[in-house]
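# Survey of secondary and tertiary structure
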Amino acid sequence: MNSTPLRALIFDVDGTLAETERDGHRIAFNQAFADAGLDWNWDVPTYGRLLAITGGKERMLAYWREIDPQAAAASDAAGLIADLHRRKTAHYVRRVAEGGIGLRPGVRRVLEQARGAGLRLAIATTTTPDNVEALIHATLGARGMEWFEVVGAGDAVPRKKPDPGIYTWVLERLALCPDQALAFEDSTNGLRAAHGAGLRTIVTTGAYTHHENFDGALAWLDGLGEADAPATGRIGSQPWSGVVGLDELRQWAV
């Protein structure tokens, strides 16, 4: 039993706060490839496979190495990847600003309950700060970023998830121990990163991760749920169905 009071919630972004991958990032990557005159096109299954690699630049480089290892090893490869990533980010930010992506069901409720109870909120993600800000502004309003005391994003740390560095970075800036917080993730790479930093983790699976194994998660659910569409899954080893709120999170964290 953990008697330490819960003081913070730390959220991943892509797939966790919002279903951004299939119809957001993937489309933006393909638009960037077209802009650059490349014949690359990531269909839904291809992008799902590439999601095993965290980080957009890293994902593009890995794909390039698959299809043309000689070109991917050239001296100008890093510059080309960086340019593609800038193009992709611009397309993604524009799509989000136009209202193309919303928060997952229940996310706003949990954020508002946490704020009302004085819990601290933070973000730990591999996506870029621009992507984070675009999503938060579009879904929580112009002052939405103020909801989050610490935002760990992009290249804040040298290694991406499943390395725990981004979570350690966030915890250090919150000046909290791991047992004072809960992490929210949607992927095995995210779960490994959070666990590596010592954090108990709520997993809400998404379109690309529902088939993955999340043994060891504090909760393994298909979402946070709403009254007319309860979440289902398990808490530890026990089946569970309902709507996730702050009371449930505190109960599970004991």
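Reference entry: report on the structure contained in this document. Keep in mind the model is a prediction, meaning the values are calculated, not measured.

So, about the sheet that holds strand β6 (residues 219-221). Ordered by their spatial adjacency, eight strands build an open sheet running β3-β2-β1-β4-β5-β6-β7-β8, and the pairing between neighbours is mixed. On the outer flanks of this sheet lie β3 (150-152) and β8 (238-242), each paired with one strand and no other. Going across the sheet, the axis of each strand differs from the next one's by a mean of 20°, ignoring polarity. With three bridges joining them, β6 and strand β7 (residues 231-235) adopt antiparallel strand pairing. Bridge pairing links Ala219 to Ile235 in β7. Against the sheet, helix α8 (residues 165-174) makes contact with β1 (8-11), β2 (120-124), β3 and β4 (181-185), and its axis sits at roughly 160° relative to β3, the strand it touches most.

What follows is about empty space enclosed by the protein. The tally for this structure, following the rule as stated, stands at one cavity of 30 Å³ or more. By volume, the largest cavity amounts to about 30 Å³. Residue lining of the largest cavity: Thr125, Thr126, Gly154, Val157, Arg159, Lys160, Lys161 and Ile166, and that is the complete set.

Taken as a whole, the largest pocket holds about 530 Å³ of empty space. What lines the largest pocket is a set of 40 residues, and nearest its centre among them are Glu21, Leu51, Thr54, Arg59 and Thr126. When residues of the lining of the largest pocket are traced back to their parent elements, those giving at least two are α1 (21-35), α2 (44-50), α3 (56-67), α5 (77-97) and α9 (188-196). Per-element accounting of the lining of the largest pocket gives the leading share, four residues, to α3. Partitioning the lining of the largest pocket into residue classes produces six nonpolar, 20 polar and 14 charged. Of the voids in this model, the second largest pocket is the one considered here, and its volume is about 170 Å³. Contributing to the lining of the second largest pocket are 14 residues, with Arg104, Pro105, Asp222, Gly223 and Leu224 lying nearest its centre. Among the residues forming the lining of the second largest pocket, the class breakdown is eight nonpolar, four polar and two charged.

A few words on α1. Between its terminal C-alpha atoms α1 stretches 20 Å, which fits the 21 Å expected from 15 residues at 1.5 Å a residue. Those residues of α1 not exposed but buried are Glu21, Gly24, His25, Arg26, Ala28, Phe29, Asn30, Ala32 and Phe33. Structurally, α1 contributes buried residues whose contacts are with α2, α3, α5 and α7 (129-140).

What counts and how
- Note that residues are indexed from 1 along each chain, following the sequence as it is written.
- pLDDT decides what is reported in this predicted model: residues at 70 or higher carry local features, side-chain atom pairs at 80 or more are listed and counted, and totals for whole chains, interfaces and linings draw on all residues regardless.
- In computing side-chain properties, one takes all heavy atoms of the structure into account and sets aside hydrogens as well as water.
- Whether two strands pair comes down to DSSP finding at least two bridges between them.
- Secondary structure elements follow DSSP: runs of H or I of four or more residues count as helices, runs of E of two or more count as strands, with numbering from the N terminus.
- Fitted lines through C-alpha atoms give the axes, limited to the stretch in contact for helices. The angle between two N-to-C directions lies from 0 to 180 degrees.
- Contacts were defined at the residue level, with two residues in contact if any of their heavy atoms lie within 4.5 Å.
- Think of a 1 Å grid over just the protein atoms. A cavity is a set of points where a 1.4 Å probe fits yet cannot get out, a pocket is an open set with protein on both sides within 12 Å along at least five of seven lines, and lining residues have an atom within 4 Å of a point.
- Grid points are joined across faces, edges and corners, and a volume is the space filled by probe spheres set on the points.
- Note on residue categories: nonpolar means Ala, Val, Leu, Ile, Met, Phe, Trp, Tyr, Cys or Pro, charged means Asp, Glu, Lys or Arg, and polar means any other residue, Gly included.
- Given a helix with a known number of residues, its expected span is that number minus one, times 1.5 Å.
- Note on classification: 1.4 Å probe, protein chains only; a residue is buried when its accessible area is under 20% of the maximum for its type, exposed when over 50%, partly exposed between these limits.

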